[in-house]
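Coordinate analysis (summary)
For reference, the chains in residue letters:
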Amino acid sequence: MDRIRLVGGNELNGRIPISGAKNAALPLMIASLLTDDTLTLENVPHLADVEQLIRILGNHGVDYSVNGRREKQQEGYSRTINFTARNIVDTTAPYELVSKMRASFWVVGPLVARMGEAKVSLPGGCAIGTRPVDLFLEGLAALGAKIEVENGYVLAKAKNRLKGNRYVFPKVSVGATHVLMMAATLARGETVLENAAREPEVVNLADCLNAMGAKITGAGTSTIHIDGVEMLSGARQKVIPDRIETGTYAMAVAMAGGDVLLENARPDLLQGALDIIAETGAEIVPTNSGIRVKRNGHGIQPVDITTEPFPGFPTDLQAQFMGLMTMAKGKSRITETIFENRFMHVQELARLGAKISLSGQTATVEGVDTLKGAPVMATDLRASVSLVIAGLAAEGETIVNRVYHLDRGFERLEEKLSGCGAVIERLSS
Ligand SMILES: CC(=O)N[C@H]1[C@@H](OP(=O)(O)OP(=O)(O)OC[C@H]2O[C@@H](n3ccc(=O)[nH]c3=O)[C@H](O)[C@@H]2O)O[C@H](CO)[C@@H](O)[C@@H]1O
Ligand SMILES: C=C(OP(=O)(O)O)C(=O)O
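Counting restarts for each chain: residues are numbered from 1 in the order of the written sequence. Labels follow written order: the first chain is A, the first ligand is 1, and so on. Given that the model is predicted, a residue must reach a pLDDT of at least 70 before its local features are reported, and side-chain atom pairs must reach 80 or more before they are shown or counted; all residues, however, enter totals for whole chains, interfaces and linings.

As recorded in an unreviewed UniProt entry, the protein chain goes by UDP-N-acetylglucosamine 1-carboxyvinyltransferase and comes from Kumtagia ephedrae. UniProt positions are given in the numbering used here, feature names are shortened, and annotations may be inferred rather than shown by experiment. As stated in UniProt under Subcellular location (unreviewed entry), the record for the protein chain gives "Cytoplasm". The UniProt entry for the protein chain carries this comment under Function (unreviewed entry): "Cell wall formation. Adds enolpyruvyl to UDP-N-acetylglucosamine."

A run of H or I in DSSP becomes a helix once it reaches four residues, and a run of E becomes a strand once it reaches two; helices and strands are each numbered from the N terminus. Assigned secondary structure in the protein chain consists of 15 helices and 24 strands. Values of the radius of gyration come from C-alpha atoms, whereas the globule rule sets the reference at 2.2 Å times the count of residues to the power 0.38. Here the C-alpha radius of gyration of the protein chain, 21 Å, is about what a compact globule of 429 residues would show, namely 22 Å. With the C-alpha coordinates of the protein chain rotated into their principal frame, the extents come out at 65 × 50 × 40 Å. Partly exposed residues are those whose C-beta has more than 12 but fewer than 20 other C-beta atoms within 10 Å; 20 or more makes a residue buried and 12 or fewer makes it exposed, with C-beta atoms placed from the backbone. Across the 429 residues in the protein chain, those meeting the buried criterion constitute 52%. The long-range fraction of contacts in the protein chain, counting pairs at least 24 apart against all pairs at least 6 apart in sequence, stands at 73%. By definition, residues are in contact whenever their C-beta atoms, placed on the basis of the backbone, come within 7 Å of each other.

Attention shifts here to the packing of helix H5 (residues 108–115) against helix H7 (residues 174–185). Interaxial distance between H5 and H7 falls to 8 Å at its minimum, and their mutual angle equals 15°. When the interaxial angle is binned, H5 and H7 end up roughly parallel. Remark: the crossing between H5 and H7 carries right-handed chirality. Here H5 contributes Val108, Gly109, Pro110, Val112 and Ala113 to the contact with H7, which in turn contributes Val179, Leu180, Met182 and Ala183. Here, axes are lines fitted to C-alpha atoms. For helices the fit covers the stretch in contact, and angles between N-to-C directions go from 0 to 180 degrees. Note on angle classes: values under 35 degrees are labelled roughly parallel, values over 145 roughly antiparallel, values of 65 to 115 roughly perpendicular, and the remainder oblique. Two helices crossing with the near one rotated counterclockwise from the far one by less than a right angle form a left-handed crossing, whereas a clockwise rotation gives a right-handed crossing.

Moving on: unusual backbone geometry. With omega at 10°, the peptide bond leading from Phe310 into Pro311 counts as cis. Along the chain, the position of Pro311 falls in the loop between strand E18 (305–306) and helix H11 (318–325). The phi dihedral of Arg161 is positive, around 70°, even though this residue is not glycine. Given 17 C-beta atoms within 10 Å, Arg161 falls into the partly exposed group.

Quick look at the structure:
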């Protein structure tokens, strides 16, 4: 199993290219199931989750081809990929494939909308909470699907096409918004989704579906209208830059000090989080080519945060922010409201000397003057990168085990950081 070795203490200076967003690429890839035409996606990041979803889509009969130079692809750069679901050969998504990642469950929407049936294993993904799928099932049922859950599989059937309806999400869910929006594009009549997720990834998906011929308005607000159409065609869509990767590297600079241009980053995708990072003492400057982050010489200021659905502070940046707060000049409180078990990084940060206490959904972080390198274990995707952020400022060597978590969501992490002066390498085994 690969590990990451870091020696802390260096500032970060230079440029970091921000990749296409994992959490936008995955639903866009799944949208290819809605048409027998080719969907071309630009700026698809080279990540373990993307590769896994390619396998899952392949199982349903989706062909894919990568544009551009092969050696670039092997080096792990974002790519343009064509997806063509000419014939859906299988409407079952098996446990062996779906249990590895949460988003693979989302095929249920396009499959039942286009094929009238889907049998999809209950999903896996980061172990950050119970992560039920009740809203997906309730929402699909509102669109007329017959739903059964049997032997760990969801069976969804709509033999006479889904039927548009009004559905009010009792709780904001990004995944369920993606799925119901995709399903409703091929339903008969109008669907109104209320209390929908407003995340930029939902907007990226709606833009793609509209380019494919769907009639969606309101994506990015909490009410989305979808007028169902008979069929969708192919299209070309660019994956938005990864706002979580952007926030992560911004916090890495805030932690280690230095001056880095986050190329291709879009401030509007994470303005709330950037404002918080600025409050900690970093300078955030939007430029024509991205976002410049600087921190020179000043101590890190403690700031309290609470995670919330977009446009609030993202839960996917909570662990990284805790990493940053471990060396703040004082006490900060971090409250997690989205997932009930997303504090597994606390005990690993403690190995580096962090002082954190937990009470319910709130962590209190007492900033320390120094962290000391240690072996630590990645427990999930964002938790693992919080250990990298802390390791960048820790004295001596930190070894992060279970790097496969990082590979799910961070493209060429060690190359991007070492290119800015960090001492970081992958130890392959
Ligand atoms: C691949 C992807 O894009 N993953 C992101 C997506 O996950 P995901 O789409 O799984 O997250 P949701 O927005 O659905 O989850 C939000 C909350 O709703 C709950 N819930 C969700 C569905 C449901 O049927 N019932 C229910 O109770 C969840 O347990 C959680 O407490 O959004 C999360 C919240 O921004 C991010 O942390 C994940 O990185
Ligand atoms: C929680 C995440 O991913 P997933 O929903 O795929 O588990 C994440 O991207 O931080």
